[in-house]
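Next come the chains, spelled out residue by residue.
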Amino acid sequence: MARISEDLIREIYDANDIVDYVSERVRLKKAGKDYMGLCPFHHEKTPSFHVSQDKQLFHCFGCGASGNLVQYVMRTENLDFIDAVRLMADRAGIMIPEDSAQDDRLHSKRKRMLEMNKVAARFFFERLKDKRTGIEAQRYLNSRHISWKTVTVYGLGYAPGTRTALIEHLQKAGYSGKEAVEAGLAIERDGKIIDKFRNRVMFPIINVRGNVIGFGGRIMSNEKEINGYKIPKYLNTSETLVFDKGKNLFSLNIAKNSKSDSLILCEGYMDVISPYQAGIDNIVATLGTAITEDQAKLMKRYANEIIICYDMDEAGRKAALRAIDIINNVNGKSKVMKLNGAKDPDEYINKNGVQAFRNAMKNAVPSTEFKLSLIKGKYDTSETDGKIKFINEAARSLAGISDAVEVDAYVRKIAEENDISSEAIYSALRGSIESGQRRIYSGAYSNKAPTRNIKEEAPKALIEAEKRLLALISSKKNLYRIAAGEIKPEEYSTAVYRRLAGMIYDVYERGESVDAPVILNEFADNTADADEAAAVFYNNEVYDADEKTVRDLIVKIKLEKIELQIKNETDSSRISELVKERNYLKK
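Parameters at a glance
Residues numbered from 1 in each chain as written. Predicted model: local features only at pLDDT ≥ 70, side-chain atom pairs only at ≥ 80, totals over all residues. Heavy atoms only, no water. Helix = DSSP H or I, 4+ residues; strand = E, 2+ residues; numbered from the N terminus. Buried < 20%, exposed > 50% of the residue type's maximum accessible area, 1.4 Å probe, protein only. Contact = heavy atoms within 4.5 Å. Expected span 1.5 Å × (residues − 1). Pairing = 2+ DSSP bridges. Axes fitted to C-alpha atoms, helices over the stretch in contact; angles between N-to-C directions. Core = buried A, V, L, I, M, F, W, Y, C linked by side-chain atoms within 4.5 Å. Phe/Tyr/Trp six-rings, centres within 6.5 Å; stacked < 30°, edge-to-face > 60°. Lys NZ or Arg CZ within 6 Å of the ring centre and 35° of its normal. 1 Å grid on protein atoms, 1.4 Å probe; cavity = no way out; pocket = protein on both sides within 12 Å on 5 of 7 lines; lining within 4 Å. Points joined across faces, edges and corners; volume = space filled by probe spheres on them. Nonpolar A, V, L, I, M, F, W, Y, C, P; charged D, E, K, R; others polar. Parallel < 35°, antiparallel > 145°, perpendicular 65-115°, else oblique. Left-handed = near helix turned anticlockwise from the far one by under 90°. Right-handed = clockwise from strand over helix to strand, strands pointing away.

Student: Hey, could you run me through the environment of A483 in this one?
Tutor: Mapped onto the secondary structure, A483 falls in helix α21 (residues 477-484). Owing to a relative accessible area of 0%, A483 belongs among the buried residues under this scheme. Separated by 68 residues in the primary sequence, A483 and R551 place their C-alpha atoms 7.6 Å from one another. Those residues in contact with A483, other than ones at most four positions away along the chain, are L469, I473, Y505, V550 and I554.

Student: Could you clarify how one ought to interpret helix α4 (residues 81-92) in this entry?
Tutor: Three or four residues apart is the spacing at which side chains of an α-helix point the same way, because the helix has 3.6 residues per turn. The end-to-end C-alpha distance of α4, which contains 12 residues, comes to 17 Å, matching closely the 16 Å that a straight helix rising 1.5 Å per residue would cover. Buried residues of α4: F81, A84, V85, R86, M88 and A89, and no others. In this structure, the buried side of α4 is in contact with α1 (6-15), α2 (18-22) and α3 (69-77). G93 lies just past α4 and shows a positive phi near 75°.

Student: Looking at this structure, I do not really get the sheet that holds strand β17 (residues 334-336). What am I missing?
Tutor: Hydrogen bonds between backbone atoms are what pair the strands of a sheet, whose relative direction is either parallel or antiparallel. One open sheet accounts for five strands, arranged β15-β14-β16-β17-β18; its pairing is mixed. Whereas interior strands pair on both sides, the edge strands pair on one side only; in this sheet they are β15 (283-285) and β18 (365-366). Its contacts with the sheet put helix α12 (residues 293-302) on β14 (262-266), β15 and β16 (305-308), and the angle it makes with β14 is roughly 150°.

Student: Even after reading the chapter, I still don't get the sheet that holds strand β3 (residues 49-52), so can you show me in this structure?
Tutor: Spatial ordering of the open sheet is given by β1-β2-β3-β4-β5, a layout of five strands whose pairing is antiparallel. At either margin of the open sheet sits one strand with a lone partner, and together these are β1 (29-31) and β5 (66-68). Along the sheet, successive strands turn relative to each other by an average axial angle of 25°, direction set aside. Across the sheet, α3 is in contact with β3, β4 (57-60) and β5; its angle to β5 comes to roughly 115°.

Student: Would you mind showing me how to read the nonpolar core here?
Tutor: Burial of nonpolar side chains together is a common tendency in soluble globular proteins. If you look at the biggest cluster of nonpolar residues, it comprises 63 residues, and the most contacted ones within it are L156, F215, F250, I264, M337 and F357. If you tally residues by element for this core, the top one is helix α5 (residues 100-129), at nine residues. Look past the residues within four positions of F250 in its chain and what remains in contact with it is Y154, F203, P204, Y269, V272, I273, I283, V284, A285 and L287. One finds Y505, F537, V550 and L553 within the second-largest nonpolar core, a separate group that totals 39 residues.

Student: Looking at this structure, how should I read the packing of aromatic side chains?
Tutor: Given two aromatic rings, one states the distance between the centres and the angle between the planes to describe the pair. The final tally for this structure, using the stated rule, is 19 aromatic pairs. Here the aromatic rings of F41 and F58 are separated by 5.9 Å at their centres, their planes lie at 40°, and the arrangement is tilted. Here the residue F41 occupies a position in the loop between β2 (34-37) and β3, and F58 occupies one in strand β4, the gap between them amounting to 17 residues. With 5.7 Å between their ring centres and 40° between their planes, F125 and W148 make a pair best called tilted. Taken as a pair, F125 in helix α5 and W148 in helix α7 (residues 148-154) lie far apart in primary sequence, 23 residues in all. Looking at F125, the relative accessible area reads 11%, which means it is buried. Taken together, the ring pairs in this structure connect Y154, F203, Y234, F250, Y269 and Y276 into an aromatic cluster. The positively charged end of R499 is found above the aromatic ring belonging to F523, 4.4 Å away from the centroid.

Student: I'm lost on empty space enclosed by the protein in this one. Help?
Tutor: Rolled over the atoms, a probe with the dimensions of a water molecule shows which regions are left empty. All told, the structure shown has two cavities of 30 Å³ or more when counted by the stated rule. Taken together, K30, K33, Y35, Q53, D54, D261, K300, R301, Y302, A303 and N304 make up the full set of residues lining the largest cavity. Counting residues per element, the lining of the largest cavity draws most heavily on α12, which supplies three residues. Among the residues forming the lining of the largest cavity, the class breakdown is three nonpolar, two polar and six charged. Looking at the second largest cavity, its volume works out to about 30 Å³. Lining the second largest cavity we find I9, I12, Y13, N16, L69, V70 and M88. Those elements that provide at least two residues to the lining of the second largest cavity are α1 and α3. Among the residues making up the lining of the second largest cavity, the classes are represented as six nonpolar, one polar and no charged.

Student: Help me understand the packing of α21 against helix α25 (residues 546-568), please; the structure alone is not making it clear to me.
Tutor: Helix packing for two helices is described by the angle between their axes and how far apart those axes are. As a packed pair, α21 and α25 sit with axes 10 Å apart at the nearest point and diverge in direction by 25°. Judged by the inter-axis angle, α21 sits roughly parallel to α25. Taken as a pair, α21 and α25 cross one another with a handedness that is right-handed. Contacts between α21 and α25 involve N478, L479, I482 and A483 on the former and, on the latter, D546, E547, V550, R551 and I554. In the contact of α21 with α25, the residues fall into five nonpolar, one polar and three charged.

Student: Please explain the pairing of strand β10 (residues 212-218) as it appears in this structure.
Tutor: Along any regular strand, the residues point their side chains to alternate faces of the sheet. With seven of its seven residues buried, β10 lies for the most part within the structure. Summarising the sheet, strand β9 (residues 200-206) and β10 pair through six bridges and their orientation is antiparallel. By the bridge assignment for β10, P204 is matched with F215. Turn length for the β9-β10 hairpin, with the two strands adjacent in sequence and antiparallel, is five residues, and the turn residue G210 shows positive phi of about 85°. One ladder, built from three bridges, connects β10 with strand β13 (residues 234-236); its direction is antiparallel. In the strand pairing of β13, G216 is matched with N236.

Student: What exactly am I supposed to notice about the pairing of β16 here?
Tutor: Alignment of β14 against β16, held across four bridges, turns out to be parallel. Residue pairing for β16: S262 is matched across the bridge by E305. Two strands pair when backbone bridges link them, and β16 and β17 are joined in this way by three bridges, in the parallel orientation. Along β17, the bridge assignment pairs I307 with K335. Assessed by its sense of winding, the connection that carries the chain from β16 through helix α13 (residues 314-329) to β17 is right-handed.

Okay, structure coming up:
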């Protein structure tokens, strides 16, 4: 049987949503950022089973069952890991190669392409930083009020105007011209390979795992032609092995860490960067195309609500309507914010300030209300014919909404405002609305909770402190750096924590981001270990001062270990040393 590469497994995870899958069998209700229902793994009357769309994990606070989507499938369908992954791949329409060698080649090619993108991003950044090459780009960014700190956060850069600056740099780094073309960094013209991006400010596109997957480049003037040739204002990386513009979003790598439960959806890079610089971190943009269902599903993982922030000219309103329909198609919630007197967030904030933008965000109207107001604007509802046309089109619009409560609220509102009975509007709806009830899985595989492993003897307070520390360092690299110098992986108290810490430390040392569902695959062969490891990632605690919390937890762990040593020590001189060490830590 072919080995399934880590890249392909990630793609399969990205294409499936744990909430969608679990809710096919378990009745889930929204509870804060999570979803909650009766646990399918043990009998209970009060829901204690939680599913996180953000983390793509499940956890039962009753029986301790915990894990990622594939581990849920393994348990509920009684499948091994490979078969569970194949089931999820089939569900998403993803082909798994039968040829292991072919899969290995693709994996190596993807990895090398990502490394090349990283080299290119560093090259563009250094060219921007260098006053000899980047002065014009620096002036442009200054004119757009973009600070150097923001430039650094987003890794902005400059592509020199010469034809082969990047390709020569990549060749020195060991990459061929053919590889650069395949990565979308170069093009072939008249038998020669030249840079694709020239004399442009560069915007690296970074996925949620921290990989540079592509680039966007903007010219620094508003000229539409140069030397008689038409030039696009923005130029983006074409589709490659690692970049699909319909499946990624600009700045989601930053927005996913926002404490907000909403995401603002914009149309361009600067629409995101300007608000971010002003303190708005829950904001993303599509990549030069209309929103896709894949992007809507991706946003749903990180937010309960999507706030559409498009230009409200005719084209923008049509784009907003399309976005609403697509978000509705994936059972998402959306609102529309209006920026009066400005075409985009960048212009609005520069004119009115960030507080005005926050107010506009707060006053965003529900998407259904927005759609109905546009529909109503098309007709003269003071006349009977106009009223009939409005009611019929409004009913067709409401038919696409799956939330019956929302539909009923708007039916009543329309009926009251237009002096039409609710029954008449429901009659118009009836032909379009499908009735039915989801299949609810109410049975459990056992009346008993799954057997847990007996952890090595260690104080409960120590285990809990280590669990919280691992949860924190897995979320941010700066927190890992604080802990790594104080506690080595082999110093954690349980075998699972030692193994998990080793993986987390290794991921950061490779310059990558922690991907909880992928790491948990390593524990798939042991249910109890999987529960213990997944519970770390499911930690729901939020800290205002997370760096201080990490340092406090490190002290707590050291103190608990010293207390354990004192308890088991028989040598009085050694006990005395331990007491001194304990007192020093308590200062």
